[in-house]
Amino acid sequence: MYEKQYPHEGIMIFGKTDEKNHYGSLAEKILEQAIFHYQKRKLMEKIDEALVTRNKQLFLELSAQYNELLKKYGA
């Protein structure tokens, strides 16, 4: 009678760990994209500001950082 009520008790279901791993990697990708877009937006704002103030040195530094960011995230 007990077995009929709880037929899966004591059985390990391996599919659930795969789902957790899949969601974990998906969550990591979403976070990486969010971080990339945030950093990209901030750098673009600073680059725009450097252009407005005609700060060539700052512009060159920020442009290099922007290019490195694009390389890092493969954009």
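Data block above holds the structure.
Residues numbered from 1 in each chain as written. Predicted model: local features only at pLDDT ≥ 70, side-chain atom pairs only at ≥ 80, totals over all residues. Heavy atoms only, no water.

Which residues make up the packing of aromatic side chains, and what values do they have?
Under the counting rule described, the total for this entry stands at one aromatic pair. Aromatic pair Phe 36 and Tyr 73: ring centres 5.2 Å apart, planes at 45 degrees, arrangement tilted. Of this pair, Phe 36 sits in helix α2 (residues 15-52) while Tyr 73 sits in helix α3 (residues 56-73); the two residues are 37 residues apart in sequence, bridging distant segments of the chain. On the accessibility criterion, Tyr 73 (25% relative accessible area) is partly exposed. (Phe/Tyr/Trp six-rings, centres within 6.5 Å; stacked < 30°, edge-to-face > 60°. Helix = DSSP H or I, 4+ residues; strand = E, 2+ residues; numbered from the N terminus. Buried < 20%, exposed > 50% of the residue type's maximum accessible area, 1.4 Å probe, protein only.)

How would you summarise the side chain of Ser 63 if you had to cite specific residues and measurements?
Along the chain, the position of Ser 63 falls in helix α3. A distance of 2.8 Å separates a polar atom in the side chain of Ser 63 from the backbone oxygen of Phe 59. (Polar contact = N/O pair within 3.5 Å; in protein donor to acceptor, adjacent residues only side chain to side chain.)

Kindly report on the pattern of salt bridges, identifying the contributing residues and their values.
Summed over the entire model, instances satisfying the criterion amount to three salt bridges. Taking the shortest distance from any N to any O, the salt bridge between Glu 45 and Arg 41 comes out at 3.9 Å. Of the two residues, Glu 45 and Arg 41 are both situated in helix α2; the distance of four residues between them amounts to about one turn of the helix. Its relative accessible area of 44% is what places Arg 41 among the partly exposed residues. (Salt bridge = Lys/Arg side-chain N within 4 Å of Asp/Glu carboxyl O.)

Account for the nonpolar core, naming residues and giving values.
Counting residues in hydrophobic clusters, the biggest one holds seven residues: Phe 36, Leu 43, Ile 47, Ala 50, Leu 62, Tyr 66 and Leu 69. Secondary structure elements with two or more residues in this core: α2 and α3. A total of four residues in this core trace back to one element, the largest contributor, which is α2. Filtering out sequence-adjacent residues up to four positions away, Tyr 66 remains in contact with Lys 40, Leu 43, Met 44 and Ile 47. (Core = buried A, V, L, I, M, F, W, Y, C linked by side-chain atoms within 4.5 Å. Contact = heavy atoms within 4.5 Å.)

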